[in-house]
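Observations on the model geometry
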Amino acid sequence: MAYQLNEINERARRDPVDFLRDCDNTYDKKLHRAADMIREHAAVSPLIFLSGPSGSGKTTTAMKIEEILDRSGMETHTVALDNYFRSVREEDYPRTPDGKLDLESPDCLDMELLADHFHALEQGKAIEIPKYSFTEQRQERHTGNFLNYRPGDLVIFEGIHALNDTFSAIAPDAFRLYISARSVVEDGKEVVFKGTWMRLCRRVVRDHQFRGTVPTDTLKMWANVRRGEKKYISPYKEKANLMFDSSLMCEVSVMKSFVSELFRDIPLDIDRSVELNSIVPALERFEAIDPALVPEKSLLREFIGGSSYHYG
């Protein structure tokens, strides 16, 4: 799908509040379609696997679908797969071709524990959700955070590897949902902003706002993130029961005020530096929208802050 730059700029100038509202409403329609399909599938399995590459908005999407399902009378729980990463042990952790820890690999997941938990949920039993510390690279199993499952409940597991064959094999009947910000922005037929750039902007802003990561560090990781996506995520998206685009037509205009500054000093010695240095000039072609106008429940708040949702 392609958005047109002239329409974005015209709507951003004329009535940005209405523009933002329309974008959120368009996304909500996609969420309701997903919820309808999940309800129809509930008799087959109580499990929902939500996958997509970095910066797709998986966490907010999962919580929004949970809300819709809860309102329809189906008690729903959301679990982040990030908490199922194995503690790092040098001797058995996956590696990249250059010998570094491959944190994008599905082999980082604790598949044994996940299999136990899936089986327990399908048997109507409670599970104790682990917690993973990225700073310590360690998983804590005894957290006291129990998911008390009751028959008829639904459980959404969201994470980048949720559709990977290794993962899906331990719960093959789960409903599978894939999302990604895939749309480009065009000026006529010229592509002025790529979908992958949208995801990168989301991640840089989020990492800077909430994880204390300087933009240079996120940008240095991006080439390996993209390698992991092509190897571990994209090959499995066609196995989803439903795929949809998580980009918002207004988002580059909103992100502009954050990204223009964060992308100012991109080192020339990192992978894709020439491409990355073309992002700021591209942003100059967009009419800016004040981020303060973004609704608290908007998907964009996952990245820019100020959301009414809680991100653990």
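The structure we're discussing is the one just above.
Now for a description of the structure that goes with this document. Please read these numbers as outputs of a predicted model, since none were measured by experiment. Counting starts from 1 at the beginning of each chain's written sequence and moves along it residue by residue. Whole-chain, interface and lining totals are the exception, using all residues; otherwise, since this is a predicted model, local features are given only for residues with pLDDT of at least 70 and side-chain atom pairs are given and counted only at 80 or more. Only hydrogens and water are set aside; all other atoms, that is, all heavy atoms of the structure, feed into the side-chain values.

**Concerning the pattern of salt bridges**
In plain terms, the rule: What counts as a salt bridge is simple: a side-chain nitrogen of Lys or Arg found within 4 Å of a carboxyl oxygen of Asp or Glu. Working definition: with a 1.4 Å probe on protein chains only, accessible area under 20% of the residue-type maximum means buried, over 50% means exposed, and in between means partly exposed.
Under the criterion given, the structure shown has 20 salt bridges. In this structure, the salt-bridge partner of Arg138 is Glu136, at a minimum N-O distance of 2.9 Å. For Arg138, a relative accessible area of 38% gives the class partly exposed. Via salt bridges that share partners, Arg11, Asp18, Arg21 and Asp22 belong to a single interconnected network.

**Things to note about the side chain of Arg176**
Just so we agree on the cut-off: Helix numbering and strand numbering both begin at the N terminus, where a helix is a DSSP run of H or I of at least 4 residues and a strand a DSSP run of E of at least 2. This count recognises Lys and Arg as positive and Asp and Glu as negative, with His and chain-terminal groups excluded. Residues adjacent in sequence count toward polar contacts only when both atoms are side-chain atoms; beyond that, a polar contact is any pair of N or O atoms within 3.5 Å, and within protein one must be able to donate a hydrogen and the other to accept it.
Structurally, the position occupied by Arg176 is in strand E9 (residues 175–180). Lacking a salt bridge, the buried Arg176 has Asp173 as its closest oppositely charged neighbour, with an N-O distance of 6.8 Å. A distance of 3.2 Å separates a polar atom in the side chain of Arg176 from the backbone oxygen of Ala174.

**Some words on the sheet that holds strand E1 (residues 2–4)**
Our working definition: Two strands are counted as paired when DSSP detects at least two bridges linking them. Here the axes come from fitting lines to C-alpha atoms, over the contacting stretch only for helices, and the angles between their N-to-C directions go from 0 to 180 degrees. Working rule for contacts: check all heavy atoms of both residues, and any pair within 4.5 Å makes them a contact.
The sheet built from 3 strands is open, its strands ordered E1-E10-E11 with mixed pairing. The sheet is open, and its two edges are formed by E1 and strand E11 (190–193), each paired on a single side. Between one strand axis and the next, the sheet turns through 45° on average, direction left out of account. With 3 bridges connecting them, E1 and strand E10 (residues 184–187) associate as parallel partners. Looking at E10, one finds that Ala2 is bridged to Val184. Those strands touched by helix H6 (residues 195–210) are E1, E10 and E11, and its axis lies near 5° from that of E11.

Function cannot be inferred from these measures alone, as they are strictly geometric.
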